[in-house]
Amino acid sequence: MNGLVKRALRYRFYPSEAQAAELSRTFGCVRKVYNLALQARAEAWTQRGERVGYEATSALLTVWKRTEELAFLAEVSAVPLQQALRHLQAGFTNFFARRARFPRFKSRKKSRASAEYTRSAFRWRDGTLTLAKMAEPLDIRWSRPLPEGATPSTVTVSQDSAGRWFVSLLCEDPGVTPLPATDAVVGIDVGIDHLLVLSTGEKIGNPRHERRDRTALAKAQRALCRKQKGSSNRAKARVKVARIHARIADRRSDFLHKITTRLVRETQTLVIEDLAVSNMVGNHRLARAIRDAGWRQFRQLLEYKADWYGRDVITVDRWFPSSKLCSVCGALAAAMPLRVRTWTCDCGTTHDRDVNAARNILAAGLAASVCGADVRPQRSTPGGQSATKQKPCSASRRNLPRSRGRGSQATPSARTGSASTG
């Protein structure tokens, strides 16, 4: 990777009452401006066929501040409001490029409460951070130091559903440099019984973070349901439920960070399956376990860390029959139910289902990366009949563009068989 890496470091902080009130007002104004601009852009297109860009919405913001109804928008810093308009512009850009859905309105209860400040709206001095419209610096818990000599370029303040306050500092990190090259390669098969199974035969267990707190979560949710809607007791009960969810998510994130960091440090080339997790959770018997495993988060962490440290991540098409293909002779089994964890090929080789799948994923990924095209060996069964025809296995490096069209998504049942969900 060329140039310095921009890295966002998140810290928890504890605002005073005045700071919490100011930030809450800012969150509300950011949400209001975003929704007003989205409504104006949508109406301009549907009613007059006009495209309204960032400049036009910025001019509208000035007009809104001068009205009696929206005069409160002028009471907070203007920078987070302008940043909300820029985020909306980015959302429309991604929509027209078919990378995202049409932007949606922000909800006070469901949307993330956050505000972004650029350099003109905060003061960074001697390791203290003071935001616009505030007299005192934020009381930040510095759990880890910032990179030496780093100065934040952007500050994002947020509050999660559990009531915790966080500040994210975007700065350049000179410590992120490519690691020495190595010849190590590994295929990775994700699952539920074991979170990861490597082509080397190593199995990494699934901690099942949600299961550890399932009883406490169910008790808190029952207590929430008994509270009257709109009451202060219901608000307190909702926070208790949110804190349990936050504890589960924190443990999952910590575990996945440790696993992906270790894999990236030890391995030059990592091959994974291109699973459509959002469709796989359509299987209601496995949806809870799949979400708890965090397959999508695992891939996201693995990809950006590989980009940072000069590693390669290769993705294999989700239709590749990694579990049913013999990694020794290449024979394709007719069926492989999830209950089958070990099986014996006609060539006499006994396979562990997950390890065999990881080895096939590795072989397919390396073959595609060498040939530079869709690679799928046409193999025959020992009986002389051709293997069942499947979609070709496509593998692509992380730094090459690939289609993200929704038309290629498979059904939940078909894709559930691609991962080890036993």
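Above: the structure in question.
Throughout what follows, the structure given in this document is the object of discussion. Owing to the predicted nature of the structure, the values given are computational and were not obtained by experimental measurement.

A few words now on the sheet that holds strand β7 (residues 165-173). Sheet architecture is open: 5 strands sit in the order β2-β6-β7-β1-β5, paired in antiparallel fashion. Of all strands in the sheet, those with a lone pairing partner are β2 (113-118) and β5 (140-141), marking the two edges. Two strands pair when backbone bridges link them, and strand β1 (residues 5-13) and β7 are joined in this way by 9 bridges, in the antiparallel orientation. Bridging from a neighbouring strand, Phe13 pairs with Trp165 of β7. Together, β1, β2, β6 (154-159) and β7 form the strand contacts of helix α1 (residues 17-48), whose direction differs from that of β2 by roughly 95 degrees.

Bringing the packing of aromatic side chains into the picture now. Centre distance and the angle of the planes are the two values used to describe a pair of aromatic rings. According to the stated counting rule, one finds 10 aromatic pairs in the structure shown. Ring plane angle 80 degrees and centroid distance 6.2 Å describe the contact between Trp308 and Tyr309, whose orientation is recorded as edge-to-face. Owing to a relative accessible area of 22%, Tyr309 belongs among the partly exposed residues under this scheme. The rings of Phe92, Phe95, Phe96 and Phe102 are connected pair by pair, giving a single aromatic cluster. Positioned above the aromatic ring of Phe96, the side-chain terminus of Arg51 is 4.1 Å from the ring centre.

Taking 1.5 Å of rise per residue, the 12 residues of helix α2 (residues 54-65) would be expected to cover 16 Å, and the 17 Å separating its terminal C-alpha atoms lies within 8% of that figure. Turning to α2, its buried residues are Tyr54, Thr57, Ser58, Leu61 and Trp64. Angularly, the buried residues of α2 cover 115 degrees about the axis, an arc narrow enough to put them on a single face. Where α2 is buried, its residues touch α1 and α3 (78-96).

Of all hydrophobic cores here, the largest spans 42 residues; its most connected members are Leu23, Tyr117, Leu129, Leu131, Val155, Val157 and Val167. Sorting the residues of this core by element identifies β1, α1, α2, α3, β2, β4 (128-131), β6 and β7 as the ones contributing at least two each. Tallying contributions element by element places α1 first for this core, with 10 residues. In this structure, Val155 is in contact with Ala115, Glu116, Tyr117, Phe122, Leu129, Leu131, Val167, Ser168 and Leu169, ignoring residues within four places of it in sequence. Core analysis: the next-biggest nonpolar cluster, separate from the first, contains 28 residues, Leu198, Ile204, Leu275 and Met280 among them.

What follows covers helix α5 (residues 214-226). Residues lying three or four places apart along an α-helix face the same way, a consequence of the helix completing one turn every 3.6 residues. In this model, α5 (13 residues) spans 19 Å end to end at C-alpha, consistent with the 18 Å of a helix rising 1.5 Å per residue. All of the buried residues in α5 are Leu217, Ala220, Ala223 and Leu224. When α5 is viewed along its axis, its buried side chains cluster within an angular range of 125 degrees and face the same direction. What points out from α5, more than 90 degrees from its buried face, is the exposed set Thr215, Lys219, Cys225 and Arg226. Looking at the buried positions of α5, the neighbouring elements they touch are α4 (209-212) and α6 (232-266).

This next bit is on the packing of α1 against α2. It is the contact of α1 with α2, at a shortest axis distance of 10 Å, that shows an interaxial angle of 120 degrees. Between α1 and α2, the angle is such that the two are oblique. Crossing angle aside, the handedness with which α1 passes α2 is right-handed. Contacts between α1 and α2 pair Val33, Leu36, Ala37, Ala40 and Arg41 from the former with Tyr54, Thr57, Leu60, Leu61 and Trp64 from the latter. Across the contact of α1 with α2, the residue classes tally to 8 nonpolar, 1 polar and 1 charged.

Attention now goes to the packing of α5 against α6. Where α5 meets α6, the axes come as close as 9 Å, and the angle between the chain directions of the two elements is 160 degrees. As summarised for this structure, α5 and α6 are arranged roughly antiparallel, according to the angle between their axes. When you trace α5 past α6, the crossing you get is left-handed. Seen from α5, the contacting residues are Ala216, Leu217, Ala220, Gln221, Leu224 and Cys225; seen from α6, they are Arg234, Ala237, Arg238, Val241, Ile244 and His245.

A large share of strand β9 (residues 194-198) lies buried, amounting to 4 of its 5 residues. Judged from the 3 bridges that link them, strand β8 (residues 185-190) and β9 form a sheet pairing that is antiparallel. The residue of β9 that forms the bridge with Asp189 is Val197. In this antiparallel pair of consecutive strands, β8 and β9, the connection spans 3 residues. Two strands pair when backbone bridges link them, and β9 and strand β10 (residues 203-205) are joined in this way by 3 bridges, in the antiparallel orientation. Within the sheet, the bridge partner assigned to His194 lies in β10 and is Gly205. In textbook terms, the turn of a hairpin is the stretch between consecutive antiparallel strands, and for β9 and β10 this stretch comprises 4 residues, one of which, Gly201, has a positive phi near 100 degrees.

Pairing of strand β3 (residues 122-125) with β4 involves 4 bridges; the strand directions are antiparallel. By the bridge assignment for β4, Trp124 is matched with Leu129. The loop that links β3 with its antiparallel partner β4 comprises 2 residues; one of these, Asp126, has a positive phi angle of about 55 degrees.

About the cut-offs
Residues numbered from 1 in each chain as written. Predicted model: local features only at pLDDT ≥ 70, side-chain atom pairs only at ≥ 80, totals over all residues. Heavy atoms only, no water. Pairing = 2+ DSSP bridges. Helix = DSSP H or I, 4+ residues; strand = E, 2+ residues; numbered from the N terminus. Contact = heavy atoms within 4.5 Å. Axes fitted to C-alpha atoms, helices over the stretch in contact; angles between N-to-C directions. Phe/Tyr/Trp six-rings, centres within 6.5 Å; stacked < 30°, edge-to-face > 60°. Buried < 20%, exposed > 50% of the residue type's maximum accessible area, 1.4 Å probe, protein only. Lys NZ or Arg CZ within 6 Å of the ring centre and 35° of its normal. Expected span 1.5 Å × (residues − 1). Arc of directions from axis to C-beta. Core = buried A, V, L, I, M, F, W, Y, C linked by side-chain atoms within 4.5 Å. Parallel < 35°, antiparallel > 145°, perpendicular 65-115°, else oblique. Left-handed = near helix turned anticlockwise from the far one by under 90°. Nonpolar A, V, L, I, M, F, W, Y, C, P; charged D, E, K, R; others polar.

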